[in-house]
Amino acid sequence: MRNLRIQTSRSRAVDLLRDIAVEQPDEIDLELLAWRVARLRIEEGALKNALGRLIRGTDGGTIRVSGDIQHRGRKRFTIAHEIGHAVLHAPGTPWDGHRELSTWDDLSIEAEANGFAAELLMPGFLFGARLVGLRPEHRVIDALAEDFGTSNLASARQFVEYTHEPAALVVCTRNGGNGNGWKCWFRRGSHFTHRIKQGRPHPYTAAGEIIDGKGESTNGLVKIPADAWLENVSSGNRSCILEDSRSIPALGMVVSLLWIDDEIEEEWNRD
């Protein structure tokens, strides 16, 4: 059900881009799209406890984006998220902050709006072709986010969606209320067939070390024992997985990219 709703959201975004014949990332005009979908104007200004707000009326409305957002890509993603609400959801006045703009893994309207926004700014028919030969690491994600004018987290999520590499994204957020102070979710690419362990990352992972206060970033892919991240891999297995993890202190978040560049043997119990 979740995947179907997100895919529907993504399809609606692509339909909008096809309507204005977008062929390059710099042709994705958010002001034009906002006006076409619901006669929405975009303005920047003060918002209390929010990054974006959609205000709809009988004859159009306004997308208000916080003037405190300095990162151009984050600002564009916030606007695209609000356009998503206008296209997908019943009238209301959503207030969207960091939590809503970082929600990707549930059945909420925020996850739908984020899926829509990611596809609106990084449509598969443009984004997928850029990924050929690229490794899942943060410096690559940073460059893609700059090229497409969007947020880094959304770019990482979209990378995993469209890459042909065995890659996965793991996002851990502080104060998740799960007993250890962190809530984690992951997204595996279609070629990442191994099962990722649930819960707080193992202390032997780079993400686990960052959470434990032993660093802020790996600054590139590093080798990690495969059993630290993956289920059905014994502790005696000498296989490794590659990990690039980064702390985002302002969001209380650790973002990890995983890549398997060699075969990893799994072990299954046979009762």
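Predicted model, so just to flag it, every value in this text is computed and none were measured.

> Is there a simple way to think about the overall build of the protein in this case?
Helix and strand counts for the protein stand at ten helices and nine strands. Its C-alpha radius of gyration of 19 Å places the protein within 12% of the 18 Å reference for a compact globule of 271 residues. When the backbone C-alpha atoms are referred to their principal axes, the protein occupies close to 65 × 40 × 35 Å. Across the 271 residues that make up the protein, the buried fraction comes to 51%. Within the protein, counting contacts between residues at least 6 apart in sequence, those at least 24 apart form 58% of the total. In the protein, the 33 positive side-chain charges and the 39 negative ones have mean positions that sit 4 Å from each other.

> Looking at this structure, I do not really get the state of the cysteines. What am I missing?
Taken as a whole and judged by the stated rule, the model has one disulfide. C172 shares a disulfide with C184; S-S distance 2.2 Å. One disulfide, between C172 and C184, carries an S-S torsion of 110 degrees and so falls in the right-handed class. Of this pair, C172 sits in strand β5 (residues 167–174) while C184 sits in strand β6 (residues 182–188), and the two are twelve residues apart along the sequence.

> Mind showing me how you'd approach the confidence of the model for the protein here?
When pLDDT is low, close inspection of the predicted coordinates is not appropriate. Per-residue pLDDT for the protein averages 92, and the proportion of residues at 70 or more is 95%. Per-element averaging of pLDDT across the protein places helix α1 (residues 2–19) at the bottom with 89 and helix α7 (residues 138–148) at the top with 98.

> Looking at this model, I keep getting lost on the sheet that holds strand β2 (residues 52–57). Mind explaining?
Strand pairing in a sheet takes place through backbone hydrogen bonds and is either antiparallel or parallel in direction. The strand order across the open sheet formed by four strands is β1-β3-β2-β4, and the pairing between neighbours is mixed. Only two strands of the sheet have a single neighbouring strand rather than two, namely β1 (40–45) and β4 (95–96). Taken together, the two bridges between β2 and β4 define a ladder with antiparallel strand orientation. Note that in β4 the partner of R53 across the bridge is W95.

> Explanation requested: the sheet that holds strand β9 (residues 253–259) in the structure shown.
Spatial ordering of the open sheet is given by β6-β5-β9-β8-β7, a layout of five strands whose pairing is antiparallel. The strands lining the two open edges of the sheet, one partner per strand, are β6 and β7 (222–225). Here the strands of the sheet are splayed against their neighbours by 30 degrees on average, with no regard to which way each runs. Strands β8 (240–248) and β9 of the sheet are contacted by α7, whose axis makes an angle of about 55 degrees with β8. Across the sheet, helix α8 (residues 152–162) is in contact with β5, β6, β8 and β9; its angle to β5 comes to roughly 145 degrees.

Thresholds, definitions, all that
- Residues numbered from 1 in each chain as written.
- Predicted model: local features only at pLDDT ≥ 70, side-chain atom pairs only at ≥ 80, totals over all residues.
- Heavy atoms only, no water.
- Helix = DSSP H or I, 4+ residues; strand = E, 2+ residues; numbered from the N terminus.
- Rg over C-alpha atoms; globule rule 2.2 N^0.38 Å.
- Buried < 20%, exposed > 50% of the residue type's maximum accessible area, 1.4 Å probe, protein only.
- Contact = heavy atoms within 4.5 Å.
- Lys, Arg positive; Asp, Glu negative; His and termini not counted.
- Charge placed at Lys NZ, Arg CZ, Asp CG, Glu CD.
- Disulfide = S-S within 2.5 Å.
- pLDDT = per-residue confidence, 0-100.
- Pairing = 2+ DSSP bridges.
- Axes fitted to C-alpha atoms, helices over the stretch in contact; angles between N-to-C directions.

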